[in-house]
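Tertiary structure, described
Spelled out, the chains give:
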There are 2 protein chains.
Amino acid sequence: MNWIVYLVPASAVVALLFAGLLARRVMGYSEGSDRMKQIALSIRRGANAYLKRQYRSVGLFFGVIFLVLLALAVASQVTGGGFMSLFTPFAFLTGGFFSGLSGFLGMKIATAANARTANAAQEGLNRGLRVAFSSGAVMGFVVVGLGLLDISLWYLLLTLVFRLDSAATTQTMLTFGMGASCMALFARVGGGIFTKAADVGADLVGKVEAGIPEDDPRNPAVIADNVGDNVGDVAGMGADLYESYVGSIISTAALAVSAFHANAAEQLLGMILPMVIAAIGVLASLVGTFFVKTKESATQRSLLISLRKGVYISSVLIVVASFLLIYFGMGAERLGIFFAILSGLIAGILIGFFTEYYTSDTYKPTRKLADSTETGAATVIIGGFSLGMRSTAIPVIVVSISVLCSFFLAGGGADFNQGLFGIGLSAVGMLSTLGITLATDAYGPVADNAGGIAEMAGMDAQVRQRTDALDSLGNTTAATGKGFAIGSAALTALALIAAYVDKIGMDNMDLRITNPTVLIGLFVGGMLTFLFSAMTMSAVGRAAQSIVMEVRRQFREIKGLMEGKAEADYAACVDLCTRSSLREMRMPALLGVIAPVVVGLILGPNGVAGMLAGATVTGFLIAIMMANSGGAWDNAKKYIEAGNHGGKGSDCHKAAVVGDTVGDPFKDTSGPSINILIKLLSMVSIVFASLIATYHIF
Amino acid sequence: MNWIVYLVPASAVVALLFAGLLARRVMGYSEGSDRMKQIALSIRRGANAYLKRQYRSVGLFFGVIFLVLLALAVASQVTGGGFMSLFTPFAFLTGGFFSGLSGFLGMKIATAANARTANAAQEGLNRGLRVAFSSGAVMGFVVVGLGLLDISLWYLLLTLVFRLDSAATTQTMLTFGMGASCMALFARVGGGIFTKAADVGADLVGKVEAGIPEDDPRNPAVIADNVGDNVGDVAGMGADLYESYVGSIISTAALAVSAFHANAAEQLLGMILPMVIAAIGVLASLVGTFFVKTKESATQRSLLISLRKGVYISSVLIVVASFLLIYFGMGAERLGIFFAILSGLIAGILIGFFTEYYTSDTYKPTRKLADSTETGAATVIIGGFSLGMRSTAIPVIVVSISVLCSFFLAGGGADFNQGLFGIGLSAVGMLSTLGITLATDAYGPVADNAGGIAEMAGMDAQVRQRTDALDSLGNTTAATGKGFAIGSAALTALALIAAYVDKIGMDNMDLRITNPTVLIGLFVGGMLTFLFSAMTMSAVGRAAQSIVMEVRRQFREIKGLMEGKAEADYAACVDLCTRSSLREMRMPALLGVIAPVVVGLILGPNGVAGMLAGATVTGFLIAIMMANSGGAWDNAKKYIEAGNHGGKGSDCHKAAVVGDTVGDPFKDTSGPSINILIKLLSMVSIVFASLIATYHIF
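The model shown is predicted, which means the values in this text are computed figures rather than measured ones. (Residues numbered from 1 in each chain as written. Chains lettered and ligands numbered in written order. Predicted model: local features only at pLDDT ≥ 70, side-chain atom pairs only at ≥ 80, totals over all residues. Heavy atoms only, no water.)

1. Regarding the overall build of chain A
Which entries qualify depends on this criterion: Only DSSP runs of H or I covering at least 4 residues are called helices, and only runs of E covering at least 2 are called strands; the numbering of each starts at the N terminus. Between the two quantities, the radius of gyration covers C-alpha atoms and the globule rule is 2.2 Å times the number of residues to the power 0.38. Only protein chains enter the accessibility calculation, which uses a 1.4 Å probe; a residue is then buried when its area is under 20% of its type maximum, exposed when over 50%, and partly exposed in between. Pairs of residues are marked as contacts when any of their non-hydrogen atoms sit within 4.5 Å. For the accessible areas, the method is Shrake-Rupley and the probe is 1.4 Å, while residue cover comes only from the protein chains on display. Counting rule for charge: Lys and Arg are taken as positive, Asp and Glu as negative, and neither His nor the chain ends is counted. All charge positions are set by atom: Lys at NZ, Arg at CZ, Asp at CG, Glu at CD.
Within chain A, the regular secondary structure consists of 19 helices and 0 strands. Over its C-alpha trace chain A gives a radius of gyration of 24 Å, about what one expects of a compact globule, namely 26 Å for 698 residues. Relative to its full complement of 698 residues, chain A shows a buried share of 69%. Considering only intrachain contacts with a sequence separation of at least 6, the fraction spanning at least 24 residues in chain A is 84%. For chain A, the exposed area adds up to about 21,400 Å²; of that, 63% sits on carbon and sulfur atoms. Of the charged side chains in chain A, 48 are positive and 46 negative, and the gap between their average positions amounts to 3 Å.

Spelled out as structure tokens, the structure:
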């Protein structure tokens, strides 16, 4: 049943067509008044300008790495060292290209949909939701469509045209994962710094010093803030999840090669299985989107239920289809593989739920955090921090159970490699619903922007209320989405570590944790995530500082700005954010690319394995902590703004604002970037594995 | 040259005699005026009352664990299971007893020396230093003396009386390490919660709400605050370092058994070597203390140099003596072992230096943190947090190099077990200067208390200035001491992990990090440190909350308190702190004891090894981050109070106070407790190793 592999390009095409269709529908809505069009245009221009310059910087980086890889590949051919294939540099480029394209297209539709959502919200909450959700779905299906397209193109090219064997095929495909990771890291870090620098800068001067409300058009940083939502939360997230998606699929395919080396037919089936599961997921997600509809009288709660219904229906479809596929395609004795997929799917949903539990103000943890504002800013910080640390317990247990189940159910007890394949499949299972999960997630920033436009264009208060309701719903789905992104990153990273070990060959390694190079690797890996977080956090601080200066300058120098008689120089703030975030993203991103090579050349392949495990474990914990502390601080502030503990302007509110500001870089810059870091480290290690195995000190 | 083992009890006795002599000298000073005596008495009473109740709660816990161990040991004899020796329960008790005694005696002398230091400071800075330093030295030599005494008693008892072989001797001795760890965890966590709850509670109401200065006698929590310094920073630290000290020595002795199994004579030498190195260290420290003297005209800088001189001279003596010992005792071909010891010593000094670099306001990081107060509390928190995370890089690199050097120089390349023995020796080397390091460290809280007494007794402003100078010097040495405690904890934990693996037998284990139980163990271990930090932090928050209520009540209900006409009910605050800290210490401490057993019964011995490695790596990072963030916040505040950025009362100062308050539980409760947690986890795992190896699910 090898014909089934053609399902992969087919569903890629279906996903892209569907995304195109939805995009056309979104574009059919009106952008509203001239003022709205003008604001939307400013945001669009700012976002485009940022992305153009980002791609230019990143392009340079890709050029350099391409040349390095090319030189190594040529050297490898000439010397017969065999440590790098000639396909590697090209695969690397396509991965970067498609990852960037995912982010770019997602941002295109998001910046087109924001004013349209605000305009549609004039007619009702549901109409607004429809526009926003459709644009989110465009993003979701672009990501999975491009991911599967890239995978199938390379797979068909390598197997049909170049007739490579299974091992060579999957090893080459892993390389484009490295390209995708690099692009994703730049997009997440750069975008994350942009969005938080603009946000913090706008708030510190606007809300705190000048005393004007959020999204007030008099604030010179207000457009930059809206641009930030698009380049960070949309383009960054698109590149990020594209990378998790293809990473989990190709690493699992690579693991299948060793897992089923005894039987060529089964090996082929195992190798295409992750791709086919992903393809099934795309079709199931597509069906799921049709169930996202609401009555005109819908409340926020019923809206959420409607969104969730889409996700759950897709999940059920995937479960049924993959059961049938494995039962009839591979036989009843391989059903363990099905349970590996199932465990990943369930783990994803559970982690999402507990992320919501810890960060939503409908539950106790965030309520208690809001209580702690009564004794001032310091107790809010301690409380939020402790909440974030505590919230790591359940996700760790969920991931642990999922790893154990998928390893042993996939046959790891008898054959170690089959167990590792099972762990990879659990990541694929978790990410199989990505099309629709991302749709419910990516509409948040669009709603957020729509609110900003409504405010700036002076629209009816009711419109702002509706966009706020959409935005708040978006925060809930974003929390779930964040948990999902972290969980899938951890499982994908584990699959990648296994793929790395597999590439070097377990028998050539001493992976015992008592081996000092492994042990030191663990320490260094953990330390890298701390260092990386520190770098991204101070980057936000520095960039925000420069925005504060610029906003203060404009308030001082532009006469009549505060009175609303003169217009602020929005473009200057956007430009400043662009420049500083591009400058600040370099060091953290370079750390991710260079560290594995340096560690490898010193500590050797065992040390690198230790480093990957250390980074994955510590990174997973920090990412959850940061996401949940940040989310809880944000929602505790919103809870107080809703009139609790004295409401807006009270001392409690001021204390909560401190928490929220600390949480901003936590949840939107450092936290999400770590997800990518841990995968990038593994990807780079895989690509340079043979080189490191040949040359190292210890 | 086996006679050299008698050097160990001999230097234990010398250390204790020296401590007694110093104590007598301290007691010879006058406590000053009646008012001073009365305040000192209140502090002493509060501290005694706390310790009495703490020992009662902990005694109950020890009783239960004793019975559990006894039952297991009896069952082991009856069934022939061999998973626990009959000595185990008793060894466990003595470890706990001596660890508690170290803390108790340290606290006794500290509460006796505080008023005496204040009184002596009337006559000059140096006289004050002499009293305070002598009391610190009492503590230092009590800790090392009791440590070596316990070790030598058991060693002689087991080898001479019961004639156990080397393996059985060291395995039994490891058990008293578990007793010491348990006691230390209770002391650190309970004392840490007490001191910070009182501190935060006193500050929040006193300084912030009532607007009265620190240590003002009108503040009802002021005595509790001073009691806290003694039960937390003195008794807690004493128990902590006692535990690191004996832990590193006995685990290294245990490692020697496998490392030199081929040659019985060498095995014996290897086994007694760590004890002898420690004994040499005690004598060298004793000599070092005589070099701590200053001229009457000494500045703060020259005081620091004088303290350092003592440490450096001791270090040089240890280096020379251990070189001679190994060269002549074991032969030139074993000189690698000497370098292992040396690498530990150097690592300890380097980590101490970099801790100071990151937390002292004479260097750039803390200065920049103080700058960030200009943009408010949120940027101070982000800045301090990022500083703490960044500051993990160098200690990780230093520890890594030390591990690599000690492993390979001790012969790990040829014989794995000898390398592990080398890692253990580096921990012993680092801790060999403990006598004097602890002396320079433990005098800080005494100086702090002396300042409090000077303030409360209304002494001359000049006295307060001098005690402040001593206190500030104490902060610097405390920072170094903290780095030292963390570094030694990490190396000791690594030695303990090796001892654990050794006990189960490497050949019976699959310690590869790709083994899913090891991998999950890593995740769970990392998560435990996060969970534990969260628990201790919220414990401080809750306990502080109750102090705030009580202080507010007293201000409200005691007429004339604010006017200084009525006296506050100090005892009520002390009692409240006692009760809440004892209540709050239970859960975190239980987590440390129960987790390894639960993880072991589920994941088996490989999972436990993973858990230990995960906890050590993540715990090391968090402990450094918390210590350095907290220290930098504290000193940034002091830097502002010294007149920078607007000085006391400015907006910058307010922002810095938020940072300092967040930093309090970081640096004095959660951070130091993690050091103990990682060792306790290993100790418990060792004691239950055979049980876990027999019964487990995966």
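From this point on, the discussion continues.
2. A short note on the packing of aromatic side chains
Rule in force here: A pair of Phe, Tyr and Trp rings is counted when the ring centres sit within 6.5 Å of each other, with Trp represented by its six-membered ring. The angle between the planes then sorts it: under 30 degrees is stacked, over 60 is edge-to-face, the rest tilted. Charge-over-ring contacts are defined here by two conditions on Lys NZ or Arg CZ: a distance within 6 Å of the ring centre and an angle within 35 degrees of the ring normal.
Within the structure shown, the criterion is met by 53 aromatic pairs over all chains. Arranged with centres 5.2 Å apart and planes meeting at 85°, the rings of phenylalanine 260 of chain B and phenylalanine 421 of chain B form a pair that is edge-to-face. You can see phenylalanine 260 of chain B sitting in the loop between α6 (222-259) and α7 (264-289) and its partner phenylalanine 421 of chain B sitting in helix α13 (residues 416-431), a full 161 residues away along the chain. Among the residues examined, phenylalanine 421 of chain B registers a relative accessible area of 0% and is labelled buried. Above the plane of the ring of phenylalanine 416 of chain B lies arginine 512 of chain A, whose end atom (NZ or CZ) is 4.7 Å from the centre.

3. Section: the packing of helix α7 (residues 264-289) of chain A against helix α8 (residues 300-329) of chain A
Residues and elements named next belong to chain A. Using the following cut-off: For every element, the axis is a line fit to its C-alpha atoms; helices are fit only across the contacting stretch, and the angle between N-to-C directions ranges from 0 to 180 degrees. Helix crossings fall into two classes, left-handed where the near helix is turned counterclockwise from the far one by less than a right angle and right-handed where it is turned clockwise. Each residue is assigned to one class: nonpolar for Ala, Val, Leu, Ile, Met, Phe, Trp, Tyr, Cys and Pro, charged for Asp, Glu, Lys and Arg, and polar for all the others, Gly among them.
Two elements in contact, α7 and α8, have axes whose closest approach is 8 Å; the angle formed by their N-to-C orientations is 150°. α8 is crossed by α7, and the crossing has right-handed handedness. Together, Leu269, Leu273, Val276, Ile277, Ile280, Gly281, Ala284, Ser285, Val287 and Gly288 of α7 and Gly310, Ser314, Leu317, Ile318, Ala321, Ser322, Leu325, Ile326 and Gly329 of α8 make up the contact between the two elements. Partitioned by chemical class, the residues of the contact of α7 with α8 number 12 nonpolar, 7 polar and no charged.

4. Examining helix α18 (residues 651-687) of chain A
All names here are of chain A. The condition is simple: Helices are assigned an expected span. That span is 1.5 Å times one less than the residue count. Each residue is assigned a bend, namely the angle between axes fitted to the seven residues that terminate at it and the seven residues that start at it.
With 37 residues, α18 extends 54 Å from end C-alpha to end C-alpha; this agrees with the ideal 54 Å at 1.5 Å per step. Approximately 35° is the largest bend angle found in α18, and it occurs at glycine 663, with the proline proline 665 only one to four residues beyond. Among the 37 residues in α18, 34 count as buried, and that is most of the element.

5. Comments concerning helix α16 (residues 516-557) of chain A
Its 42 residues place the ends of α16 of chain A 61 Å apart at the C-alpha level, agreeing with the 62 Å of an ideal helix rising 1.5 Å per residue. Summarising burial for α16 of chain A: 33 of the 42 residues are buried, a large majority.

6. Regarding the interface of chain B and chain A
The test is simple: Put simply, buried area is how much 1.4 Å-probe accessible surface two parts lose in total, over both of them, once they are put together. Definition used for salt bridges: Asp or Glu carboxyl oxygen within 4 Å of a side-chain nitrogen of Lys or Arg.
On the side of chain A, 66 residues touch chain B, which itself brings 65 residues to the contact. Between chain B and chain A lies a buried interface of about 6,100 Å² when both sides are counted; carbon and sulfur atoms form 87% of it. The three residues of chain B that bury the most area against chain A are Ile513, Phe523 and Phe530 of chain B, which together make up 13% of that side's buried surface. The interface formed by chain B and chain A includes 0 salt bridges. When contributions to the side of chain B that touches chain A are tallied by element, the ones reaching two or more residues are α11 (377-390), α12 (393-409), α13, α15 (461-504), α16 (516-557), α17 (570-641) and α18 (651-687) of chain B.

7. Considering the nonpolar core
The line we're drawing: What is meant by a nonpolar core is a set of buried Ala, Val, Leu, Ile, Met, Phe, Trp, Tyr and Cys residues, joined one to another through side-chain atoms within 4.5 Å.
Residues Phe385, Tyr500 and Phe688 of chain A together with Leu148, Phe385, Tyr500 and Phe688 of chain B are the most contacted members of the largest nonpolar core, which totals 536 residues. Non-local contacts of tyrosine 500 of chain B, meaning those with residues more than four positions away in its chain, are made with Met509, Pro605, Val608, Ala609, Leu612, Ser685, Ile686 and Ala689 of chain B.

8. Things to note about the relation of the copies chain B and chain A
The two chain copies are connected by a rotation around an axis plus a translation along it. Threshold: Overlaid copies result from least-squares superposition on C-alpha atoms, with residues included only where pLDDT is at least 70 in both.
The transformation that overlays chain B on chain A combines an axial shift of 0.0 Å with a rotation of 180°, and the residual RMSD is 0.0 Å. The two molecules are tied by a two-fold rotation axis, judged by turn and shift. Residue arginine 512 of chain B of chain B places its C-alpha closer to the rotation axis than any other residue of that unit, at 2.1 Å. Counting the interface residues of chain B, we find that 100% of their copies in chain A are interface residues as well, pointing to one common contact surface.

9. Focus on the environment of cysteine 652 of chain A
Residues and elements named next belong to chain A. Structurally, cysteine 652 is set in helix α18. Separated by 204 residues in sequence, cysteine 652 and aspartate 448 place their C-alpha atoms 25 Å apart. For cysteine 652, the residues in contact, after removing those within four places along its chain, are Thr373, Glu374, Ile640 and His645.

10. Examining unusual backbone geometry
Despite not being glycine, arginine 163 of chain A has its phi angle at roughly 55°, a positive value. By the element assignment, arginine 163 of chain A lies in the loop between α4 (125-161) and α5 (166-210). Given the relative accessible area of 65%, arginine 163 of chain A is considered exposed. A positive phi angle is found at histidine 645 of chain B, which is not glycine, with a value near 50°. Tracing the chain through its elements places histidine 645 of chain B in the loop between α17 and α18.

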